[in-house]
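One letter stands for each residue in the lines below.
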Amino acid sequence: MDRIAITGGARLEGEIPISGAKNSAIKLMAASLLTDEPLRLTNMPRLADTRFLGKLLQRLGAEVIEADGADGPETVLTTREIVSGFAPYDLVRQMRASFNVLGPLLARSGQAKVSLPGGCTIGARPVDLHLQALEALGARIDLHEGYVYAQAPRGLKGAEIEFPFVSVGATEHTLLAAVLADGETVVRNAACEPEIDDLADCLNKMGARVTGAGTSEIRIQGVSRLSGATHAVLPDRIETGTYALAAAMAGGEVRLTRTRSDFIQALLDKMVEAGVDITPHNDGVTIKRNGARLNAVEVETDPYPGFATDLQAQFMALMTLADGESVIRETIFENRFMHAPELRRLGADITVQGGEARVRGVDALEGAQVMATDLRASVSLVIAGLAARGETVVNRVYHLDRGFERLEEKLGACGAQVRRLKGDGEAEED
Ligand code: EPZ
């Protein structure tokens, strides 16, 4: 297994171009199942997760062609016909978002058999809201031996759906199914994340009639068929926030380009409160920090436009060296503090009780061997390593590869000492 070694202490100076958003790209790829024409996605991130979903889509009947376009990496997906409506456990288990093929399969071919995803390290993550929404759209859903058997032989029908709480995945899944339903669907208490807007935008280019995406009420006027389209994946706000926090942790001045600062306003407000200099610009944001110690600030994760749960671990890393005590509340996932014990191995002073972590700033962190437990947790350890004395080695970096494109290269270009240690075939300790 590969590992990432970070030698701490280098200031970061330079520019980091931000890639297309993983969490948008994988839903957009699933949307390609809704049409028999090519869907061309530009600004595509090249990640383990997008490669993985590409393989699943191929099994379902898609032709997936990757190319280097004029404006960076692109992927063209064409599903002339659905050759299989089956997404097996092994594939869905490895990447939960594979579950999102259920809605498009059902909408296009009237049936699907898709494995339930099960839990993951950050929480139980049920999909009950997804299934309730599909049932409201007229699908017959049966659960049997870990699989969802879904049928809508006479097609889906528009419905009024009100979610009891905000779910990004359930909102997206409803969109992915309702665009081909007969009549109007209204989604209330919808998630407002920029990725929802991006999906709606792409679907509209394909001929769908979606309004209100990005607000809590979305209206979808069903159409009988969708066509191909070209769509640029929006910039990855979590990658943007992660590098903003990396720059703040290491000190120096880093310009983040090809992105949007408004997507991470809640984070930037907290960083300003902590004492980091932030300058938004047309193409992104510049992060600057001189040598002064940062202030400890309180943070609570919330659905967009609140502070993103996907930036909580990275923010905790920053707070390990702040002046005073920071309280970090996680309200989205019930088990998303797995990075805390690993940060403690670097010398951080963190106590966790339920959904609340208290981080008392220490004078210095010291490099150590640590273990990645999930995607965002792993990158929080890289961030901590940038400011730790000596060498930090992050094990199990396959988590990192799922969602951060060319991380060593991007940080290295700004002067960070980050290198990948190729796996030696040793078994991973568990
Ligand atoms: C998406 O997950 C993202 N994943 C997550 O990013 C992100 O943390 C999350 O949204 C919140 O922003 C992708 O886009 C692939 P939810 P999702 O449905 O859609 C509960 C990363 O690191 N819930 O908004 O699964 C759920 O358990 C990942 O890139 C139900 O109870 O999140 C959670 O507590 C991690 N029943 C809460 O709702 C349901 O049917 C919000 O989850 C659905 C969700």
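Positions within a chain are numbered from 1, following the residues in the order the chain's sequence is written. In keeping with the predicted nature of the model, local features appear solely for residues at pLDDT of at least 70, side-chain atom pairs appear and are counted solely at 80 or more, and the whole-chain, interface and lining totals rest on all residues. Each side-chain value is derived from all of the structure's non-hydrogen atoms; neither hydrogens nor water enter the calculation.

Undergrad: Looking at this structure, I do not really get the site of the ligand. What am I missing?
TA: One heavy atom within 4 Å of a molecule or strand is enough for the residue carrying it to be called near that molecule or strand. In the vicinity of the ligand, 22 residues are found, and the nearest of them are D128, S167, G169, D310 and I332. Here a polar contact means two N or O atoms within 3.5 Å. Within protein one must be a hydrogen donor candidate and the other an acceptor candidate, and residues neighboring in sequence count only if both atoms are side-chain atoms. K22 places a polar side-chain atom, nitrogen or oxygen, 3.1 Å from an oxygen atom of the ligand. G169 is positioned such that a nitrogen or oxygen atom in its backbone is 2.7 Å from an oxygen atom of the ligand. Those elements that provide at least two residues to the shell around the ligand are α1 (22-31), α5 (128-136), α6 (168-178) and α12 (375-387). Helix and strand assignments come from DSSP, with helices taken as H or I runs of at least 4 residues and strands as E runs of at least 2, each series counted from the N terminus. Here the shell around the ligand takes 4 residues from α1, the largest share from any one element.

Undergrad: How should I be thinking about the sheet that holds strand β20 (residues 349-353) in this particular structure?
TA: Note on sheets: strands pair through backbone hydrogen bonds, and any given pair is parallel or antiparallel. Two strands are said to pair when DSSP picks up at least two bridges between them. Reading across the sheet, the 4 strands line up as β18-β19-β21-β20 and stay open at both edges, with mixed pairing between neighbours. Lying at the two open borders of the sheet, with one neighbouring strand each, are β18 (299-300) and β20. Pairing analysis gives 5 bridges linking β20 to strand β21 (residues 356-360), with the strands arranged antiparallel. Within β21, the position partnered with T351 by the bridge is R358.

Undergrad: So what exactly am I meant to see when it comes to the sheet that holds strand β23 (residues 391-395) here?
TA: Read from one edge to the other, the open sheet built from 4 strands follows the order β22-β23-β1-β24, with strand pairing classed as mixed. What marks the edges here is a single partner per strand, and that holds for β22 (369-371) and β24 (417-421). The average undirected angle you get between the axes of adjacent strands in this sheet is 25 degrees. Where strand β1 (residues 3-7) meets β23, 4 bridges bridge the pair, whose relative direction is antiparallel. Bridged to I4 within β23 is V394. Packing against the sheet, α12 makes contact with β1, β22, β23 and β24, and its axis sits at approximately 170 degrees to β23. The axes are straight lines fitted to the C-alpha atoms, using for helices just the contacting stretch, and the angles between their N-to-C directions are given from 0 to 180°. In this analysis, two residues are considered to be in contact whenever any of their non-hydrogen atoms come within 4.5 Å of each other.

Undergrad: Would you take a moment to explain helix α2 (residues 48-60) for this structure?
TA: Because each turn of an α-helix spans 3.6 residues, side chains separated by three or four positions in sequence point in the same direction. Across its 13 residues, α2 extends 19 Å between first and last C-alpha, which sits within 8% of the 18 Å expected from 1.5 Å per residue. Only protein chains enter the accessibility calculation, which uses a 1.4 Å probe. A residue is then buried if its area is under 20% of the maximum for its type, exposed if over 50%, and partly exposed in between. Of the residues making up α2, those classed as buried are D49, T50, F52, L53, G54, L56, L57 and L60. Two residues or fewer past α2, G61 is found with a positive phi of approximately 130 degrees. A helix's residues, less one, multiplied by 1.5 Å, set its expected span.

Undergrad: Honestly, the domain arrangement of the protein chain in this entry has me stumped. Any pointers?
TA: Buried accessible area, meaning the area lost when the parts come together, often serves as the stated size of an interface. These domain limits were set by an automatic method or by a database of domain assignments. With domains assigned, the protein chain is organised as domain 1 (3-17 + 235-421) and domain 2 (26-232). Just the C-alpha atoms count here: the centres of domain 1 and domain 2 sit 31 Å apart. Taken together, the contacts link 18 residues of domain 1 with 20 residues of domain 2. A combined buried area of about 1600 Å² lies between domain 1 and domain 2, and 50% of that area is made up of carbon and sulfur atoms. Once two parts are joined, some of their accessible surface, as seen by a 1.4 Å probe, is lost; buried area is that loss totalled over both. It is Y304, R402 and E405 in domain 1 that bury the most area against domain 2; as a group they hold 36% of the surface buried on that side. Any Lys or Arg side-chain nitrogen located within 4 Å of an Asp or Glu carboxyl oxygen qualifies as a salt bridge. Applying the counting rule to domain 1 against domain 2 returns 2 salt bridges. Linking domain 1 to domain 2 there are 8 residue pairs in polar contact (both at pLDDT 80 or more). The dominant element in the side of domain 1 that touches domain 2, judged by the number of residues it contributes, is helix α13 (residues 398-403), at 3 residues. In this classification, the charged set is Asp, Glu, Lys and Arg, the nonpolar set is Ala, Val, Leu, Ile, Met, Phe, Trp, Tyr, Cys and Pro, and all remaining amino acids, among them Gly, are polar. Here the residues of the side of domain 1 that touches domain 2 sort into 7 nonpolar, 3 polar and 8 charged.

Undergrad: I tried to follow the pairing of β23 on my own but got confused; where do I start?
TA: Counting buried residues in β23 gives 4 out of 5 residues, a clear majority hidden from the surface. With 3 bridges joining them, β22 and β23 adopt parallel strand pairing. Paired with V370 across the two strands is V394, which belongs to β23. For crossovers, right-handed means that the path from the first strand over the helix to the second runs clockwise, given strands pointing away from the viewer. The β-α-β motif built from β22, the intervening α12 and the parallel element β23 has right-handed crossover chirality.

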